[in-house]
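As a plain string of letters, each chain reads:
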Amino acid sequence: MSDSSRKPVEPFKIKSVEPIRMTSREEREQIIRKGGFNLFNVPAENVFIDLLTDSGTSAMSHFQWAGMMQGDESYAGARSYFRFEKAVRNIFGFKHVIPTHQGRAAERILFQTVVEPGHRVPNNIHFDTTRANVEVRDAEALDLAREAAYDPDDRSLFKGDMDVDKLKALIMESGAEKIPLVMLTITNNSGGGQPVSLANLRAASAVCRESGIPFFLDACRFAENAYFIQQREDGQSGRSVLEIARDIFSCADGATMSAKKDALVNIGGILTLNDDALAEELRNNLIVSEGFSTYGGLAGRDLEAISQGLEEVMEEAYLEHRIAQVGYLWELLHQAGIPVYGPPGGHAVYVLADRFLPHIPSDQFPGQALSIALYREAGVRSVEIGGVMFAKKDEATGKDVYPELELIRLAVPRRVYTLTHLEYVADSLISLFERRNTIKGLRITHQAPHLRHFTVRFEEIG
Ligand code: F0G
């Protein structure tokens, strides 16, 4: 929060409401057991406050809803496409604008076209879907964030930055021809939702240009990142978020984006770039599975909602509240002594589950145990980002290796919850912290070979 004495006031009023229902403790107990202690198995109707993700969960404005009535559903050359193209170009500035049904479709189309077996694709930290889209091509996805990204107590302001020395070393070692593109994720979702500085974007871009490697941004949360630059980076405070965003994209050759985040919509994605020949190949790929190049798997009305959302997300009153709201939840928890990853990121608060539950060892999944306890206590859904999601078997020893950070993520949907809701979440976690010794570890009873967190089942130990 920029001014800790003032609570962030919502810069909107509520026109349409969706009731949420508080379940009883007994109901939740039954629901958890039936779902095998996995919150992906809980029907959303039985969740009071849903902080599972900020993706596709935004509330749309009345302008967006009105825009949807004006959707042009023509198969080719719809008016809504041209509005979308103009809205994306106004911010991103790239020549070609391709709609996709969500972020991972943009990633698949791009990587299927440019990534070959044996290639290496660096990022600050790959999000799961970009990693998966690189790995299905039999290529290697490398994370080159600075060490600070993995230290929850390091209070540097741009912990999303890429380690540019590591990038240079990688290019030296592998040769530029093995690196079909460099990606940078803004903000860095897999690293605490931390922003990347403009200085770092420029430095990474310069290295790529010297080596002739295309530089792409994973731009899901670009507006939040641009706002952090305005607030935190030397020499940037007098500039508008739009100017900063344009500067960000001027460093790159293209971008993929899940519109489900900073375009304030429930579905959609964007693939945008300058290279004419590559754009033609991508459109040919698009048409096979997503649709014709002027709708890419979306309805005309979706394109209208995205175009309007991209304008609204650049409004500084919106961004000031958005970032302050997440900072407020972070501050409430931090003040109460709850271990949280710092500083606060853009879209979520990450709780350090291993420090919250020091009596639960890694192989009994403290993050999962904490997310279950929070649901049991208060009907709040979070997501585990730790051993369940990321533990890997070491081929040599046969032992499980656990990730450096054992977290639960409290992702805050955009324009959906009020401060009172967030205070309720904080109070619930604080009361749980006082009784943390009663929380038990978990043992896996069933798991899938890939992306096990979606379907894994557990039993409670003891
Ligand atoms: N890149 C990043 C940085 C993301 O956070 C996501 C989605 C994607 C790409 C993929 O976009 O879902 O539209 O296909 N993140 C969501 C989350 C799912 O909960 O963090 P998508």
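Residues numbered from 1 in each chain as written. Predicted model: local features only at pLDDT ≥ 70, side-chain atom pairs only at ≥ 80, totals over all residues. Heavy atoms only, no water.

1. Observations regarding the overall build of the chain
Then step 1. Along its length, the chain carries 16 helices and 16 strands.
Then step 2. Relative to the globule expectation of 23 Å for 462 residues, the C-alpha radius of gyration of the chain, 22 Å, shows essentially globular dimensions.
Then step 3. Principal axes of the C-alpha set define a box for the chain whose edges measure 60 × 60 × 45 Å.
Then step 4. Here the chain, with 462 residues, has 58% of them falling under the buried criterion.
Then step 5. Contacts in the chain between residues at least 24 apart in sequence constitute 72% of all its contacts with a sequence separation of at least 6.
Then step 6. Total accessible area on the chain is roughly 19,200 Å²; 52% of this is exposed by carbon and sulfur atoms.
Then step 7. Within the chain, the 64 negative side-chain charges are centred at a point lying 4 Å from the centre of the 51 positive side-chain charges. (Helix = DSSP H or I, 4+ residues; strand = E, 2+ residues; numbered from the N terminus. Rg over C-alpha atoms; globule rule 2.2 N^0.38 Å. Buried < 20%, exposed > 50% of the residue type's maximum accessible area, 1.4 Å probe, protein only. Contact = heavy atoms within 4.5 Å. Areas by Shrake-Rupley, 256 points an atom, 1.4 Å probe, with all protein chains shown as cover. Lys, Arg positive; Asp, Glu negative; His and termini not counted. Charge placed at Lys NZ, Arg CZ, Asp CG, Glu CD.)

2. Some thoughts on the domain arrangement of the chain
Then step 1. Along its sequence, the chain is carved into domain 1 (25–54 + 315–460) and domain 2 (62–312).
Then step 2. Put simply, the middle of domain 1 and the middle of domain 2, counted by C-alpha atoms, are 27 Å apart.
Then step 3. Listed as interface residues are 28 residues of domain 1 and, on the opposing side, 32 residues of domain 2.
Then step 4. In total, domain 1 and domain 2 occlude about 2,500 Å² of area from one another, counting both sides; carbon and sulfur atoms represent 50% of this.
Then step 5. The largest per-residue losses of area from domain 1 upon contact with domain 2 belong to Leu 319, Tyr 341 and Pro 343, which jointly make up 21% of the total buried on that side.
Then step 6. Along the contact surface separating domain 1 from domain 2 lie six salt bridges.
Then step 7. In this structure, Asp 153 engages Arg 355 in a salt bridge whose closest nitrogen and oxygen atoms are separated by 3.0 Å. (Domains from an automatic or database assignment. Buried area = accessible area lost by both parts, 1.4 Å probe. Salt bridge = Lys/Arg side-chain N within 4 Å of Asp/Glu carboxyl O.)

3. Describing the sheet that holds strand 9 (residues 348–352)
Then step 1. Spatially, 9-14-11 is the arrangement adopted by the three strands of the open sheet, whose pairing is antiparallel. Edge positions in the open sheet fall to strand 9 and strand 11 (383–385), since each of these has one partner strand only. For this sheet, the mean angle separating the axes of adjacent strands, direction not counted, is 30 degrees.
Then step 2. Bridge analysis of strand 11 against strand 14 (residues 407–411) gives three bridges, and the strand direction is antiparallel. The residue of strand 14 that forms the bridge with Ile 385 is Leu 407.
Then step 3. Where helix 12 (residues 316–335) meets the sheet, its contacts fall on strand 9 and strand 14, and the angle it forms with strand 9 comes to roughly 25 degrees. (Pairing = 2+ DSSP bridges. Axes fitted to C-alpha atoms, helices over the stretch in contact; angles between N-to-C directions.)

4. With respect to the pattern of salt bridges
Then step 1. Inspection of the entire model under this criterion finds 31 salt bridges.
Then step 2. Between Lys 7 and Glu 423 there is a salt bridge; the shortest N-O distance is 3.2 Å. Of this pair, Lys 7 sits in the segment before helix 1 (25–34) while Glu 423 sits in helix 16 (residues 419–434), and the two are 416 residues apart along the sequence.
Then step 3. Judged by relative accessible area, which is 47%, Lys 7 ranks as partly exposed.
Then step 4. By relative accessible area, which is 21% here, Glu 423 ends up partly exposed.
Then step 5. Among the ionic pairs, Arg 239 bridges to Asp 247, the shortest N-O distance being 3.0 Å.
Then step 6. Linked by salt bridges that have partners in common, Asp 54, Arg 221, Glu 224, Asp 262, Arg 322 and Arg 414 make up one network.

5. Quick word on helix 2 (residues 62–69)
Then step 1. Among all positions of helix 2, only Gln 64, Gly 67 and Met 68 are buried. Here the buried residues of helix 2 occupy an arc of 105 degrees about the axis, which is enough to place them on one side. Opposite the packed face of helix 2, turned more than 90 degrees from it, sit the exposed residues Phe 63, Trp 65 and Met 69.
Then step 2. Next to the buried residues of helix 2 lie helix 11 (300–312). (Arc of directions from axis to C-beta.)

6. Thoughts on the site of the ligand
Then step 1. By nearness alone, 17 residues border the ligand, and Thr 53, Arg 104, Ser 258, Lys 261 and Arg 409 come closest of all.
Then step 2. Between Arg 104 and the ligand, the recorded distance is 2.7 Å, taken from a side-chain N or O atom to an oxygen atom.
Then step 3. At a separation of 2.8 Å, an oxygen atom of the ligand approaches a polar side-chain atom of Asn 189.
Then step 4. Protein chains shield 93% of the accessible area of the ligand, which is 470 Å² for the free molecule.
Then step 5. Among the elements that make up the shell around the ligand, the one with the highest residue count is helix 4 (residues 103–114) (three residues).
Then step 6. In the shell around the ligand, the residues fall into two nonpolar, eight polar and seven charged. (Near = heavy atom within 4 Å. Polar contact = N/O pair within 3.5 Å; in protein donor to acceptor, adjacent residues only side chain to side chain. Nonpolar A, V, L, I, M, F, W, Y, C, P; charged D, E, K, R; others polar.)

7. Let's talk about the nonpolar core
Then step 1. The biggest cluster of nonpolar side chains holds 62 residues, and the ones touching the most others in it are Phe 92, Phe 215, Leu 217, Phe 222 and Leu 310.
Then step 2. Among the domains, domain 1 (25–54 + 315–460) and domain 2 (62–312) are the pair contributing at least three residues each to this core.
Then step 3. Contacts of Phe 222, omitting those with residues within four sequence positions, involve Ile 91, Phe 92, Ile 186, Ala 245, Ile 248, Phe 249, Met 257, Asp 262, Leu 310, Val 313 and Met 314.
Then step 4. Grouped together as the second largest cluster of nonpolar side chains are 47 residues, Phe 365, Val 388, Ala 426 and Val 456 included. (Core = buried A, V, L, I, M, F, W, Y, C linked by side-chain atoms within 4.5 Å.)

8. Focus on the pairing of strand 6 (residues 215–218)
Then step 1. What you see with strand 6 is no split at all: Phe 215 and Leu 217 on one side and Phe 216 and Asp 218 on the other are buried throughout.
Then step 2. Two elements, strand 5 (residues 182–185) and strand 6, share four bridges in a ladder whose sense is parallel. Within the sheet, the bridge partner assigned to Thr 185 lies in strand 6 and is Asp 218.
Then step 3. Handedness of the β-α-β unit built from strand 5, helix 7 (residues 198–211) and strand 6 comes out right-handed.
Then step 4. Two elements, strand 6 and strand 7 (residues 254–258), share three bridges in a ladder whose sense is parallel. Bridging across to strand 7, Asp 218 finds its partner in Thr 256. (Right-handed = clockwise from strand over helix to strand, strands pointing away.)

9. A few points about the sheet that holds strand 5
Then step 1. On the basis of which strands lie adjacent, the open sheet formed by five strands has the order 2-8-7-6-5 and mixed pairing. On the outer flanks of this sheet lie strand 2 (96–100) and strand 5, each paired with one strand and no other. With strand direction ignored, the average angle separating the axes of adjacent strands in the sheet is 15 degrees.
Then step 2. Where strand 2 meets strand 8 (residues 269–273), five bridges bridge the pair, whose relative direction is antiparallel. The residue of strand 8 that forms the bridge with Ile 98 is Leu 271.

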